[in-house]
Amino acid sequence: MNGIRKHENLPLWPKLFNDFFDRDWMNFSTRNFSNTNTTLPSVNIKEDDNGFEVEMAAPGFEKNDFKIDLDNSMLTISSEKKVDSETKKGQQFTQREFSYQSFSRSFTLPQSAESEKITASYANGILKIAIPKKEEAKPKPARNIEIK
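Since the model is a prediction, treat every value here as computed from it, not as a measurement.

Rules used in this analysis
Residues numbered from 1 in each chain as written. Predicted model: local features only at pLDDT ≥ 70, side-chain atom pairs only at ≥ 80, totals over all residues. Heavy atoms only, no water. Pairing = 2+ DSSP bridges. Helix = DSSP H or I, 4+ residues; strand = E, 2+ residues; numbered from the N terminus. Axes fitted to C-alpha atoms, helices over the stretch in contact; angles between N-to-C directions. Core = buried A, V, L, I, M, F, W, Y, C linked by side-chain atoms within 4.5 Å. Buried < 20%, exposed > 50% of the residue type's maximum accessible area, 1.4 Å probe, protein only. Contact = heavy atoms within 4.5 Å. Polar contact = N/O pair within 3.5 Å; in protein donor to acceptor, adjacent residues only side chain to side chain. Salt bridge = Lys/Arg side-chain N within 4 Å of Asp/Glu carboxyl O.

This next bit is on the sheet that holds strand β6 (residues 119-123). If you walk across this open sheet you meet the four strands as β1-β2-β7-β6, and the pairing is antiparallel. The sheet is open, and its two borders are formed by β1 (43-47) and β6, each paired with just one other strand. Across the sheet, the axes of successive neighbouring strands diverge by a mean angle of 15°, strand direction being ignored.

Quick look at the structure:
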């Protein structure tokens, strides 16, 4: 019995049609490019009993290149980095390339986050943001309740 075969020589119209309609155009959180068409830094978010940790891969940056804002429960990490090659006196150039990188990523903090105790560090190309949980949100150890 023969199965259904996929023919690669057929026109690409069905594939383009399906790719277009399978996309979630209203979900902007999955967009991988910033407004300047540069790739957004990748992010890992970890959670344990004590809090959350956001790790952002941003090699080549310095800690002063980042801006971290907290507005109510919205945490925004952004950066604007402009590298301008200086032309020395008497130099001529027929082409000069500028480098401009910017991005902005925003995350809504859960109600369990202790926003007053957020800390950030940058080392080895990784920006780490530690977001502790409120005491009442941390899991409590099991205990035995005495019956009176």
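From this point on, the discussion continues.
All right, on to the nonpolar core then. Counting residues in hydrophobic clusters, the biggest one holds 16 residues, and the most contacted among them are F66, I77, F103, L127, I129 and I131. Elements represented by at least two residues in this core include exactly β2 (51-57), β4 (74-83), β5 (99-108) and β7 (126-132). Beyond its immediate chain neighbours, meaning those up to four positions away, I131 contacts G51, F52, V54, L75, L109, A113 and I118.

For S79, the location among the structural elements is in strand β4. Exposure remark for S79: the relative accessible area of 4% places this residue in the buried category. For S79, the side chain forms a polar contact with the main-chain oxygen of D65, separated by 2.8 Å. Beyond its immediate stretch of four places on either side in the chain, S79 contacts F61, D65, F66, Q101, S102 and F103.

Below, the discussion takes up the pattern of salt bridges. Tallied over the full model, the rule gives six salt bridges. We note a salt bridge from K133 to E47, for which the minimum N-O separation is 2.7 Å. Remark: E47 occurs in strand β1 and K133 occurs in the segment after β7; sequence separation between them is 86 residues. In this structure K133 comes out as buried when scored by relative accessible area, which is 10%.

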